[in-house]
Amino acid sequence: MSMFRRQGGRYVATFAVDEVRVLRKVASEVVGLLTDGFDHTDPVVGRLFPDAYPDDPAGTAEFRRYTEGDLKTAKIDQAGAVLAALPDSAGGEVRLDAEAAEAWLRALNDARLAMGVRLEIKDGTDLGEELDDAVAEDPTSSRVFQLSVYAYLGYLQESLLNALID
């Protein structure tokens, strides 16, 4: 598994071809969700764009009117930064400057939030236990794969954060 490390003023990780495929798919799905599939009734959209004033629908709508476009564009750009930095089709090295590393952190966070909603992961969820239960039920299920990707994104996010503060 890849791990980011600081190398001079860059943050570097070497990704296997399967990791590149997974990251490319996840970032592309976030872009798709924020463009073609953007729907305020989708719980994932609700998680990525929470109500600013939960007790004031009119205030929330007004706030959304002024901020949502820029926030959505920023999230698409951040996922785009992941796509742009990844090797084309094979595995390879990713070298990020500080600005790109920050974009990656935000994009990884958005992807994890989206997956967490779809996988019904809550604050108190024990991910290891969830994964063990899913494997025991059906080791070839899509849930096992999705939980593994969710865990991998968290690992990658943590390694990049640690490289940034190192």
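What counts, and where the lines are drawn
- Residues numbered from 1 in each chain as written.
- Predicted model: local features only at pLDDT ≥ 70, side-chain atom pairs only at ≥ 80, totals over all residues.
- Heavy atoms only, no water.
- 1 Å grid on protein atoms, 1.4 Å probe; cavity = no way out; pocket = protein on both sides within 12 Å on 5 of 7 lines; lining within 4 Å.
- Points joined across faces, edges and corners; volume = space filled by probe spheres on them.
- Helix = DSSP H or I, 4+ residues; strand = E, 2+ residues; numbered from the N terminus.
- Salt bridge = Lys/Arg side-chain N within 4 Å of Asp/Glu carboxyl O.
- Buried < 20%, exposed > 50% of the residue type's maximum accessible area, 1.4 Å probe, protein only.
- Phe/Tyr/Trp six-rings, centres within 6.5 Å; stacked < 30°, edge-to-face > 60°.
- Lys NZ or Arg CZ within 6 Å of the ring centre and 35° of its normal.

**Describing empty space enclosed by the protein**
Next, step 1: Applying the stated criterion to the full structure yields one cavity of 30 Å³ or more.
Next, step 2: Size it by volume and the largest cavity reaches roughly 70 Å³.
Next, step 3: In this structure, the largest cavity is lined by Leu23, Val26, Ala27, Val30, Ala79, Val82, Ala107, Leu108, Ala111 and Leu153.
Next, step 4: Of all the elements in the fold, those that place two or more residues in the lining of the largest cavity are α1 (17-34), α3 (57-85) and α4 (98-118).
Next, step 5: Broken down by element, the residue count for the lining of the largest cavity peaks at four residues, all from α1.

**Side note on the pattern of salt bridges**
Next, step 1: Taken as a whole and judged by the stated rule, the model has 11 salt bridges.
Next, step 2: For Lys25, the salt bridge is made with Glu29, and the minimal N-O distance between the two is 2.7 Å. Placement of the pair is Lys25 and Glu29 together in helix α1, with a separation of four residues, close to one helical turn.
Next, step 3: Taking relative accessible area as the criterion, Lys25 reaches 53% and is therefore assigned exposed.
Next, step 4: Judged by its relative accessible area of 44%, Glu29 falls in the partly exposed class.
Next, step 5: Between Arg64 and Asp51 there is a salt bridge, with its nearest N and O atoms 3.1 Å apart. Highlighted residues: Arg64 in helix α3 and Asp51 in the loop between α2 (43-48) and α3, separated in sequence by 13 residues.

**A closer look at the packing of aromatic side chains**
Next, step 1: Enumeration according to the criterion identifies five aromatic pairs in this entry.
Next, step 2: Between the aromatic rings of Phe4 and Phe15, the centroid separation amounts to 6.0 Å while the plane-to-plane angle is 70 degrees, which identifies the pairing as edge-to-face. Remark: Phe15 occurs in strand β2 (residues 10-15) and Phe4 occurs in the segment before β1 (5-7); sequence separation between them is 11 residues. There is no split in this pair, since Phe4 and Phe15 are both buried.
Next, step 3: In this structure an aromatic cluster arises from ring pairing among Phe4, Phe15 and Trp104.
Next, step 4: Lying over the aromatic face of Phe49, Lys75 brings its terminal NZ or CZ to 5.7 Å of the ring centre.
Next, step 5: A cation over an aromatic ring shows up here: Arg112 above the ring of Tyr150, its NZ or CZ 4.2 Å from the ring centre.

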